[in-house]
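Examination of the molecular architecture
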Amino acid sequence: MINTVASIFIIGLSGLLAFLTLVPFSKIPHGLVRAPAFVRLQMLAIALVLLPFAWVLTSDGWRIFSMLCLVVVIAVCTTSVLKFTPLWPKQSKSAEAALMTDTDRHIHMLAANVKMSNREYDHLIALARREQPDVLAALETDQRWIDALAVLEPDYIHRYDVPHDTGYGMMLYSKLPLKDVQIRDLVTKGVPSIKATVTLRSGDDICLYIVHPEPPVAHEKTTGRDSEIALAGLEAIDGPLPAIIAGDLNDVAWSTTTRRFQRVTGLLDPRVGRGFYNTFNAYFPVFRWPLDHLFHDARFRFVQMQRMPKIGSDHFPISFKLALAHRPAGEAPTPEEGETEDVTEMIEEEQARDRDPVGTDWEDDE
């Protein structure tokens, strides 16, 4: 009886894992369809543990079914996540020795989703004072967060605050000069982004985008999130300046959306060939994945990337250091035929939708 129950459990779980692994590859832009891609690391671990039990505890055709399902899960998940390990070639090229020492061409950025209901302000303040980044970007900032972080103002003479009590607030503090700053709702009303020209100490200008699109949810399409990520990227490559896009993209680095974003923009991911740098969930180590990102123009070189200590949020802050080179290097995947046109059409359709952002009441703490 025990073996029978175990066999049924293994057969059912193997089939479910295979389904959850393959369904995100469909072109259906819905939260229920795309969300399983987030847990590829966890599904890979489960499949590896389950494999020997499937061989021993199932029989006949069901053994073949279970083993086939688990092999598919292992193969797909491994292929998805392998590029975010040192076994894969690095996509962002490391800075050469001369550029490493030319710190006037460097930009050091600290990005943190603070979780609006988190009131442990001192953790981020202490981190910013210790790390002394050139640029500090904080997401989910309401007015209470803006007021608390005001103590950093003597160090950051260039400041732009976008307080929201919906979880979509953001702020940008910079020691480097900022100009041509635009605060816009790129796609969905109530979901702001910041675009700014940053002048490095060398005198060179770069373009910085801070974005925080909507999360995928079971009752809503993901086209709002997908469109905002894509539109920021398309604007970045159309502009004359070397560009950086950073923020909580509410998407994992190996997803269909992020892979398509890289194909249509050519922007590079410093995680590729280096590591996962899982930033979410800071509360539960078993359920972690890379959710906070930075993508950059091929004219930048990689200097350093670190996941920082907890600040009371469900996200870890992340620190990036890049150096602006004199010529491009590194290569992202190229777009498939018609892909850019499809993305542009999706953006236009999503901009025409009249709706409230997803999750505006998630962070109510009163």
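Report on the accompanying structure. All values reported here derive from a predicted model rather than from experimental measurement. (Residues numbered from 1 in each chain as written. Predicted model: local features only at pLDDT ≥ 70, side-chain atom pairs only at ≥ 80, totals over all residues. Heavy atoms only, no water.)

A short note on the packing of aromatic side chains
The relation between two aromatic rings is expressed through the spacing of the ring centres and the mutual angle of the planes. To keep things clear, this is the line we draw: Only Phe, Tyr and Trp rings take part, Trp by its six-membered ring, and two of them pair if their centres are within 6.5 Å. Stacked means planes under 30 degrees apart, edge-to-face means over 60, and tilted covers everything else. Labels follow the DSSP assignment, with helices taken as runs of H or I lasting at least four residues and strands as runs of E lasting at least two, numbered in each case from the N terminus. Think of it in three bands: with a 1.4 Å probe and only protein chains considered, a residue is buried below 20% of the maximum accessible area for its type, exposed above 50%, and partly exposed in between.
Throughout the structure, instances matching the rule amount to 9 aromatic pairs. Arranged with centres 6.1 Å apart and planes meeting at 40°, the rings of Y156 and Y173 form a pair that is tilted. Linking Y156 in the loop between α7 (143–149) and β3 (158–162) with Y173 in strand β4 (residues 170–174), this pair joins segments that are 17 residues apart in sequence. Side by side, Y156 and Y173 carry an identical accessibility label, which is buried. Residues Y283 and F284 carry aromatic rings whose centres are separated by 6.4 Å and whose planes lie at 85° to one another, so their mutual orientation is edge-to-face. Taken together, the aromatic side chains of F38, F280 and W289 make up a single cluster linked through ring pairs.

Quick word on the pairing of strand β2 (residues 135–139)
Let me state the cut-off plainly: For two strands to be treated as a pair, DSSP must find no fewer than two bridges joining them. Handedness of a crossover is defined as follows: with both strands directed away from the viewer, a clockwise route from the first strand across the helix to the second makes it right-handed.
Counting buried residues along β2, 5 of its 5 residues qualify, which places the element largely inside the surrounding structure. Here β2 shows a buried face lined by V135, A137 and L139 and a second buried face lined by L136 and A138. Sheet topology note: the strand β1 (residues 106–113)/β2 ladder contains 5 bridges and is parallel. When the bridges of β2 are listed, N113 appears paired with L139. You can see the chain leave β1, run along helix α6 (residues 121–131) and come back into β2, and the turn it takes is right-handed.

Points about the nonpolar core
Counted only if it meets this: What is meant by a nonpolar core is a set of buried Ala, Val, Leu, Ile, Met, Phe, Trp, Tyr and Cys residues, joined one to another through side-chain atoms within 4.5 Å.
In terms of nonpolar packing, the biggest core is built from 28 residues, with I107, M109, L172, I206, L208, I210 and I244 touching the most fellow members. At the level of secondary structure, the elements contributing two or more residues to this core comprise β1, β2, β4, β6 (192–199), β7 (205–210), β8 (243–248), β10 (300–307) and β11 (318–324). The dominant element in this core, judged by the number of residues it contributes, is β11, at 4 residues. Within the second largest apolar cluster, 24 residues are counted, among which are F38, M67, L70 and I74.

Digging into the pairing of β1
Most of β1 sits out of view: 8 of its 8 residues are buried. Judged by which residues are buried, β1 turns out to be covered on both faces: H106, H108, L110 and A112 on one side and I107, M109, A111 and N113 on the other are all buried. In this structure, β1 lies alongside β11, joined through 6 bridges in antiparallel fashion. From the neighbouring strand, H108 faces β11, where its bridge partner is K321.

Examining the environment of K90
Put simply, the test is: Residues are treated as being in contact if the distance between any of their heavy atoms lies within 4.5 Å.
The topology assignment puts K90 in the loop between α4 (60–82) and α5 (97–101). Owing to a relative accessible area of 39%, K90 belongs among the partly exposed residues under this scheme. A C-alpha to C-alpha distance of 30 Å links K90 and L17, two positions 73 residues apart in sequence. With sequence-adjacent residues up to four places away left out, K90 is seen in contact with V272, G273 and R274.

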